[in-house]
Amino acid sequence: MKVLVIGGGGREHAICYSLKNSNLLTKLYCIPGNGGICEIAEVNQEIKPLEFEKVVEFCKKEGIELVIPGPEEPLVKGIKDALEKEGIKVFGPDTKGAMLEGSKAFAKEVMAEAGVPTAKFEIFDDPDKARAYIEKKGAPIVVKADGLCAGKGVFVCDTKEEAFEAIHKLMEEKIFGASGERVVIEERLDGEEASYIVISDGENFVALPNSQDHKRLLDGDKGPNTGGMGAYSPAPLITEELKQKIENKVISPIIKTLLKKGNPYVGFLYAGLMITNGEPFVLEFNCRLGDPEAQAILPRIENDFLELVKIAIDGKLKDVSLVEKSDAAVCVVMASSGYPGKYEKGKKITGIKEAEKIPGVIVFHAGTKKIDGDVVTNGGRVLGVTALDEDIPSAIKKAYEAVSKIHFEGAYYRKDIGHKAFKHL
Ligand code: AMP
Ligand code: GLY
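Since the structure is predicted, the reported quantities are computational estimates derived from the model, not experimental observations.

Caption draft 1: Region of the structure containing the environment of G367. With respect to the helices and strands, the residue G367 is situated in the loop between strand 20 (361-365) and strand 21 (368-371). For G367, a relative accessible area of 10% corresponds to the buried category. Separated by 359 residues in the primary sequence, G367 and G8 place their C-alpha atoms 7.6 Å from one another. The residues touching G367, leaving out its near neighbours within four places in the chain, are V376, T377, N378, G379, R381 and V382.

So, in structure tokens, the structure goes:
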């Protein structure tokens, strides 16, 4: 089977890596790919991921039967609708399903209908009414832009003034354009965050290995939010009992509700959770795999990944069980100095091959490109260095040993990835 992956980050490299191990794969393509993906897939950088007509044309020319979009934007903008019309299968939800991520207000409405635990909320289109609500509720309080803002549309506010500022920026200054014209205002939840990702066939689901991300830039979960500075799997915070609660109170009701509404959800479904006093509350849904969670989760799956995706598309997940490797995985993200703000590109990277000589280490590329045989930096998050070992402490040690072999000017990484797990071990 010929498969096309859309995207060029660490998550997409991890998807390509898993596909490459499948017996069902005959040829792998990626648009646009990166400096690591180009080693295992045929990359095409002429076509942009959102130029759906050109993607269709490319698939027809190459005989590609299945497309797996990595990021949310192509899904929210309708890649499935555009390609399936032409007979090309897409693993992911259609525009309706992708609204779980594309519109926080829609996600909240579905959660309310499905009875899924989440922070109490109100939705506003009018900044004055939003301010009056904040005045009434007081702080702490959370203000969220309804639409996609590249992960920057959430303001967790300690004071009412910060919340008013967020309303002004989103609804009046419109720093994220139309995405901030409507806002969700919700109560702040306290607890520990975890990611729970499943593959859904519209009716049934299988849970992927669970994981925990490190969203903040600095050690000790300080500093600004980023796309994610590292992840580990499994997350010992998620006990068997909590897993059952998450599946029964969150995942199952959402999938059932969407099916009942005539919109079966097929694809990866990511629940961003706050665990408060042993109970799961949904902070957000994503219609894709997490990045860098994928770099810790996918290498732990024993099943043939492409077969799993095919079974989900065929609606037959009921008969499948996921086989999880007993090894733990830790992924440390190496970023460009300045990320998540401004950073320079084009720095030569050395030591990747040396790092990969360590058994159990996989170096996933994110913002990299290849120039004349050299790999150079080409983005904020540059590499995701994943190590597998018998438990989390050994995987952490191995991941940092691998990181120490890799060099580029301005390389920055957190030194405490995985440490959050210790208190649960
Ligand atoms: P979201 O994109 O909705 O997941 O929000 C981004 C981040 O903001 C989350 O990962 C949390 O760290 C934080 N956050 C979002 N909603 C809440 C909430 N209701 N209470 C506390 N923190 C939140
Ligand atoms: N790492 C968080 C996300 O992918 O949304």
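Caption draft 2: The environment of F58, seen in detail. With respect to the secondary-structure elements, F58 resides in helix 2 (residues 52-62). On the basis of relative accessibility, which here comes to 7%, the residue F58 falls in the buried class. Expressed as a C-alpha distance, the spacing of F58 and V250, which sit 192 residues apart in the sequence, is 38 Å. Excluding residues that lie within four positions of it along the chain, F58 makes contacts with L4, Y29, I31, N44, I47 and I64.

Caption draft 3: Region of the structure containing the packing of helix 5 (residues 95-102) against helix 6 (residues 104-114). Taken N-terminus to C-terminus, the directions of helix 5 and helix 6 make an angle of 100 degrees; their axes are 6 Å apart at the nearest point. As the angle between them shows, helix 5 and helix 6 are arranged roughly perpendicular. For the pair helix 5 and helix 6, the contacting residues are K96, M99, L100 and G102 in the first and K104, F106, A107 and V110 in the second. For the contact of helix 5 with helix 6, a count of residues per class yields five nonpolar, one polar and two charged.

Caption draft 4: Structural view of the side chain of R11. Here R11 is to be found in helix 1 (residues 10-20). A relative accessible area of 8% means that R11 is categorised as buried. The contact partners of R11, leaving out residues within four places of it in the chain, are G70, P71, R288, L289, G290, D291, A294 and Q295.

About the cut-offs
Residues numbered from 1 in each chain as written. Chains lettered and ligands numbered in written order. Predicted model: local features only at pLDDT ≥ 70, side-chain atom pairs only at ≥ 80, totals over all residues. Heavy atoms only, no water. Helix = DSSP H or I, 4+ residues; strand = E, 2+ residues; numbered from the N terminus. Buried < 20%, exposed > 50% of the residue type's maximum accessible area, 1.4 Å probe, protein only. Contact = heavy atoms within 4.5 Å. Axes fitted to C-alpha atoms, helices over the stretch in contact; angles between N-to-C directions. Parallel < 35°, antiparallel > 145°, perpendicular 65-115°, else oblique. Nonpolar A, V, L, I, M, F, W, Y, C, P; charged D, E, K, R; others polar.

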